[in-house]
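Descriptive structure summary
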Amino acid sequence: MPKTDYDEFAEVYSADNEVNLLNGYYERPAMVSLAGDVDGRRILDVGCGSGPLSAALRDKGAIVSGFDLSAAMIELARRRLGEDADLTVADLAKPLPYDDAAFDDVVASLVLHYLEDWTEPLAEFRRVLKPGGRLILSLNHPIVYTALNPDGEYFDVAEFTFDAEHAGRTVVYSIWHRPLQAMSDAFTAAGFRISVISEPPISADTPAELRPKDVEHPARFISFIFFVLEAC
C-alpha cells in the first residue's frame with residue numbers, strides 16, 4: 001500500500017490542522033486535557049508535525065522536545081516554536097536520539113497506527129521516560145476500521161487506506177488497525193500500566209458550523225481513542 005508522505009502536503013495539512021474539527025477541536029484539546037498540569041515537566045512530542053501540540057504544552061509551562069519523520073513538518077515547527085526549539089528529524093522505527101529517563105511525559109498524537117509493529121517504539125518510549133512517567137497517546141478508534149471496511153475482521157491486525165481532505169487537497173492515508181485487546185497487550189508487554197482510556201467529546205468552544213449535523217449526540221462521535229499509560 002502507498003505510505004503517507006507528509007513532506008508532500010505539509011503546508012496544507014498544517015493549515016487545516018489548526019482549524020478543523022478532528023484535530024483543532026477534538027484530538028488536540030483532548031491531549032492537552034489529559035496531560036493536565038505540565039508546568040515544569042519535560043515532554044517529548046512524538047511525531048510533532050508542525051508543532052501545535054508542542055506549542056500548547058509549552059504555553060502551559062512544559063519543557064518540550066519534538067521529532068518528526070517529515071523534514072518539512074520540522075521546518076514548519078521551527079517557524080512556530082523558534083529556531084532554538086529542541087526539534088529534530090527522526091524515525092520512530094529506529095532508536096530515538098534521547099537519553100534514558102530524559103522525560104516526564106511522552107505524547108504521541110495519531111502516530112503509532114502508522115506502524116505494523118509497536119514493539120520497538122513502545123520500548124523506546126519506556127526507555128526515555130522516567131520511572132512513573134506517562135505516555136499519553138491517541139490512535140484511530142478500532143471501530144473505524146470495520147465502519148470503513150464492512151468486510152474487514154475486527155480482530156485482525158490489518159493495514160487499510162482512507163481518503164481525507166485538507167484545505168481542498170485529497171490525501172490518501174495508510175494506517176494499521178488493531179483491536180483494543182491487541183493495543184492493551186502491546187502496552188502491557190512494553191512495561192506500561194493503563195491509567196486512562198478516553199473517548200472524549202469535542203471541545204466546548206467548537207464553532208457551530210463545525211459541529212457534526214448527522215449524529216444523535218453532536219458533542220460525541222467515534223473517531224479516535226485516547227490512552228494515558230504509566231511507566232511501571
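What comes next concerns the included structure.

The rules behind each value
- Residues numbered from 1 in each chain as written.
- Predicted model: local features only at pLDDT ≥ 70, side-chain atom pairs only at ≥ 80, totals over all residues.
- Heavy atoms only, no water.
- Phe/Tyr/Trp six-rings, centres within 6.5 Å; stacked < 30°, edge-to-face > 60°.
- Helix = DSSP H or I, 4+ residues; strand = E, 2+ residues; numbered from the N terminus.
- Buried < 20%, exposed > 50% of the residue type's maximum accessible area, 1.4 Å probe, protein only.
- Salt bridge = Lys/Arg side-chain N within 4 Å of Asp/Glu carboxyl O.
- Pairing = 2+ DSSP bridges.
- Axes fitted to C-alpha atoms, helices over the stretch in contact; angles between N-to-C directions.
- Right-handed = clockwise from strand over helix to strand, strands pointing away.

**Here's the deal with the packing of aromatic side chains**
Scanning all chains against the criterion turns up eleven aromatic pairs. Centre to centre, the rings of W118 and F187 are 5.8 Å apart; their planes meet at 20°, and the pair counts as stacked. Taken together, the positions of W118 in the loop between β4 (103–109) and α5 (119–128) and F187 in helix α7 (residues 180–189) put the pair 69 residues apart, joining distant regions of the chain. Of the two residues, W118 and F187, neither departs from the other in class, the shared state being buried. Residues Y154 and F155 carry aromatic rings whose centres are separated by 5.0 Å and whose planes lie at 90° to one another, so their mutual orientation is edge-to-face. The class of F155 is exposed, set by a relative accessible area of 64%. Three or more aromatic residues joined by ring pairs form one cluster here, namely Y26, F221, F224 and F226.

**Observations regarding the pattern of salt bridges**
Counted according to the given criterion, the structure contains nine salt bridges. With its nearest N and O atoms 2.7 Å apart, the salt bridge here joins D105 to R41. Linking D105 in strand β4 with R41 in the loop between α2 (21–35) and β1 (42–46), this pair joins segments that are 64 residues apart in sequence. Under the relative-accessibility criterion, R41 is labelled partly exposed at 25%. The partner of R193 in a salt bridge is E230, with the nearest N and O atoms 2.6 Å apart. Of this pair, R193 sits in strand β8 (residues 192–198) while E230 sits in strand β9 (residues 224–231), and the two are 37 residues apart along the sequence. You can call R193 partly exposed: its relative accessible area is 43%. Take E230: its relative accessible area is 27%, and that puts it in the partly exposed class.

**What about the sheet that holds strand β3 (residues 86–89)?**
Strand order in this open sheet of seven strands is β3-β2-β1-β4-β5-β9-β8, and the pairing throughout is mixed. The sheet terminates laterally at β3 and β8, the two strands that pair on one side only. Between one strand and the next, the sheet's axes are offset by a mean angle of 15°, whatever the strand orientation. As paired strands, strand β5 (residues 129–140) and β9 are joined by seven bridges and run antiparallel to one another.

**What about the pairing of strand β2 (residues 63–68)?**
Within β2, five of the six residues are buried, which leaves the element mostly enclosed by the surrounding structure. Where β1 meets β2, five bridges bridge the pair, whose relative direction is parallel. What sits directly across from V46, in β2, is F67. Taken together, β1, helix α3 (residues 52–59) and β2 constitute a β-α-β crossover, and its handedness is right-handed.

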